[in-house]
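# An overview of the molecular structure
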Amino acid sequence: MSRISNCFKQLKEQGRVALIPFVTAGDPEPGITVPLMHAMVAAGADIIELGVPFSDPMADGPVIQRASERALEHGVSLRDVLAMVHSFREQDQTTPVILMGYLNPIEVMGYEGFALAAEEAGVDGVLTVDLPPEEADDLLSSLRPRDIDPIFLMAPTTTEDRMQRICDTASGFVYYVSVKGITGAAHLAIDEVSAMTDRIRRHTQLPVGVGFGIKDAEMARSVAQVSDAVIVGSVLVRRIEELRETPAAIAPAVAGILSDMRHAIDLN
Ligand SMILES: O=P(O)(O)OC[C@@H](O)[C@@H](O)c1c[nH]c2ccccc12
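Rules behind the numbers
Residues numbered from 1 in each chain as written. Predicted model: local features only at pLDDT ≥ 70, side-chain atom pairs only at ≥ 80, totals over all residues. Heavy atoms only, no water. Near = heavy atom within 4 Å. Polar contact = N/O pair within 3.5 Å; in protein donor to acceptor, adjacent residues only side chain to side chain. Areas by Shrake-Rupley, 256 points an atom, 1.4 Å probe, with all protein chains shown as cover. Nonpolar A, V, L, I, M, F, W, Y, C, P; charged D, E, K, R; others polar. UniProt positions renumbered as here; feature names shortened; annotations may be inferred. Helix = DSSP H or I, 4+ residues; strand = E, 2+ residues; numbered from the N terminus. Buried < 20%, exposed > 50% of the residue type's maximum accessible area, 1.4 Å probe, protein only. Contact = heavy atoms within 4.5 Å. Core = buried A, V, L, I, M, F, W, Y, C linked by side-chain atoms within 4.5 Å.

Below, the discussion takes up the site of the ligand. Neighbouring the ligand are 17 residues; Glu49, Asp60, Tyr175, Gly184 and Ser234 lie closest to it. Between an oxygen atom of the ligand and a side-chain N or O atom of Glu49, the distance comes to 2.8 Å. Within the contact set of the ligand, an oxygen atom lies 2.8 Å away from a backbone nitrogen or oxygen of Gly213. Surface burial for the ligand is 99%, taken as the share of its 430 Å² of free accessible area covered by protein chains. Classifying every residue of the shell around the ligand gives 10 nonpolar, 5 polar and 2 charged.

Attention now goes to the UniProt feature "active site" (unreviewed entry) in the protein. The UniProt feature table records "active site" (unreviewed entry) at Glu49 and Asp60. Mapped onto the fold, Glu49 is located in strand β2 (residues 48-51). Residue Glu49 is classed as buried on the basis of its relative accessible area of 5%. When you line up the elements, Asp60 lands in the loop between β2 and α3 (62-73). Judged by relative accessible area, Asp60 falls into the buried class, the value being 5%. Excluding residues within four positions of it along the chain, Asp60 makes contact with Gln65, Met100, Tyr102, Ile182 and Thr183.

Okay, the nonpolar core next. The biggest cluster of nonpolar side chains holds 75 residues, and the ones touching the most others in it are Leu50, Leu82, Leu99, Phe114 and Val230. For this core, the element with the most residues is helix α12 (residues 250-266), which contributes 7 residues. Among all residues touching Leu82, those that are not within four sequence positions of it are Leu99, Met109, Ala117, Ala118, Ala121 and Val123.

Written out as structure tokens, the structure is:
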């Protein structure tokens, strides 16, 4: 069983919902990422979504775009991100790590080479924003034998047919994007999210994670009532940006936001 499936299985037994923070690897500087990952786990993160910096991140809003720019200024590459995961794994063998990124750097490395390096580093899932499941066969045939879960996105506009196809292709969990638009979006309507997670569950037994537009602990709590995982990115990345001149303050600040969310989620 993959580390992601195992994580969800354990959470389910405990009647708990996963908290999945997103940060961009190497933002605002490479040295911060591994300690930040450990701090997030200590604050209650169950799974970590780590962004691979990319020059043209079209699904991302300005906050996460700027995070990519800061990391790229330090020359952070896909190989560097894999090295960070490898280093994280020296002290943490249980928390799943998902790489979130765009296809280009993976294609450059080659699917087989990437999958091998990801497995060696201890990566558990890969979310390639610009690779639809219809075109994912080649990458999937490199990931599957290594127990690396492909994570796919569904949006409010996803049709039933597509939903079924995505559910049949994905493993680990499926990611429901709560709003039309880009990361850091303003408003998430909980009734709509609830209706969609119900629909998705008619297609799959996989856990359903919800992300985009979750801003605070209260919202995290409502989303946790209708999902299996709460995914939070821009609020954390914005805090990282605010503190970029004082990097030592970043991990405690991010941990503070996450532990508030953790407590709120566990109140359910
Ligand atoms: O930033 P938000 O609105 O909290 O949403 C999570 C999101 O950042 C993270 O999962 C993510 C970052 N970049 C992405 C691109 C596509 C899908 C998801 C993502």
